[in-house]
Amino acid sequence: MARAQASKLLDQLLGHNRDGEDKQVLDFMDIAVCRPFLFGICPNEMFLNTKMDMGECLKMHNIAFKAEFEKRSEQEDYGFEEEVLNYLQEIIRDVDQKIKQAKDALEEQEESAEAEQKAQKIHYLAAQIGEKIALAESLGSDGQVEECLKIMQEVEDIKLEKQTVDEEYRGIAPVSSQQAQKLRVCEVCSAYLSLYDNDRRLADHFGGKLHLGFVNVREKMKELEEISIRGLFG
């Protein structure tokens, strides 16, 4: 395991051809270099060993090339933004289609408008809880105890609000709906979430590799779209 990690680090620092087995890659312009990696994001690497696994990236991840690209791209436009943007947009179009299909299927579950509104509020609050717990755990791991405690207090406040809405929902929703899992679809990564997921399950989801991977892809896509717009109208 340690040997494999060391080999991967050497690949990033020196390139896959560090032993001289392949043709020499001189700089970041080479087609063998992973273009998304130059922008700090490689979906193949981010989604490895998740349900969206795209396989290992066959392109080169070289930290030195990335640093050189970042430096030189401040002075010169290499046109890589559009290529990477198109790639990320394709990934998001695919997951958004899955989200739509899943939501369409769930809409077949009949429920009153009021109960549906309450259920949506519960899912929203549950998402807030999961995201904040994941953030608090990250802060705690980094030694930021005060910030961690502050976030956890916010979690407790949201829990109280969620409990109130949950009681209201149970008072108006049919027994059949309460007994069902009452699923919702994550608007970011397409995973299913239940109305009754506990805090640990929510934190695992919102702090998980798949969800955070899609958060990063969406943020980078938006960033590149803004760059593209500035290029058109600047």
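What you are looking at is a predicted structure, and each value in this text was computed from that prediction instead of being measured.

## A few points about unusual backbone geometry
Phase 1: A positive phi angle, near 65 degrees, is found at asparagine 49, a position not held by glycine.
Phase 2: With respect to the secondary-structure elements, asparagine 49 resides in the loop between helix H3 (43–46) and helix H4 (63–72).
Phase 3: Asparagine 49 sits in the exposed class, given a relative accessible area of 71%.
Phase 4: Residues other than glycine seldom take positive phi values, yet serine 190 does so here, at roughly 80 degrees.
Phase 5: Structurally, serine 190 is set in the loop between strand E1 (183–185) and strand E2 (192–194).

## Description of helix H6 (residues 113–141)
Phase 1: In this model H6 runs 42 Å from its N-terminal to its C-terminal C-alpha over 29 residues, within 8% of the 42 Å that 1.5 Å per residue would give.
Phase 2: Following H6 by one or two positions, glycine 143 has its phi on the positive side, about 85 degrees.

## Quick word on the pattern of salt bridges
Phase 1: Taken as a whole and judged by the stated rule, the model has 18 salt bridges.
Phase 2: The partner of lysine 118 in a salt bridge is glutamate 168, with the nearest N and O atoms 2.7 Å apart. Taken as a pair, lysine 118 in helix H6 and glutamate 168 in helix H7 (residues 145–172) lie far apart in primary sequence, 50 residues in all.
Phase 3: Across the pair aspartate 204 and arginine 200 runs a salt bridge, and its minimum N-O distance is 3.0 Å. Of the two residues, aspartate 204 and arginine 200 both sit in helix H9 (residues 199–206), four residues apart, roughly one turn of that helix.
Phase 4: Given a relative accessible area of 39%, arginine 200 falls into the partly exposed group.
Phase 5: Ionic contacts of the salt-bridge type, sharing partners, join the residues Glu137, Arg200 and Asp204 into one network.

## Focus on the layout of surface pockets
Phase 1: The space that makes up the largest pocket amounts to roughly 550 Å³.
Phase 2: Along the wall of the largest pocket there are 22 residues; nearest its centre are Gln120, His123, Arg184, Val185 and Glu187.
Phase 3: Contributions of two or more residues to the lining of the largest pocket are made by helix H5 (80–106), H6 and E1.
Phase 4: Residue composition of the lining of the largest pocket, grouped by class: nine nonpolar, five polar and eight charged.

Here is what the cut-offs are and how they apply
- Residues numbered from 1 in each chain as written.
- Predicted model: local features only at pLDDT ≥ 70, side-chain atom pairs only at ≥ 80, totals over all residues.
- Heavy atoms only, no water.
- Helix = DSSP H or I, 4+ residues; strand = E, 2+ residues; numbered from the N terminus.
- Buried < 20%, exposed > 50% of the residue type's maximum accessible area, 1.4 Å probe, protein only.
- Expected span 1.5 Å × (residues − 1).
- Salt bridge = Lys/Arg side-chain N within 4 Å of Asp/Glu carboxyl O.
- 1 Å grid on protein atoms, 1.4 Å probe; cavity = no way out; pocket = protein on both sides within 12 Å on 5 of 7 lines; lining within 4 Å.
- Points joined across faces, edges and corners; volume = space filled by probe spheres on them.
- Nonpolar A, V, L, I, M, F, W, Y, C, P; charged D, E, K, R; others polar.

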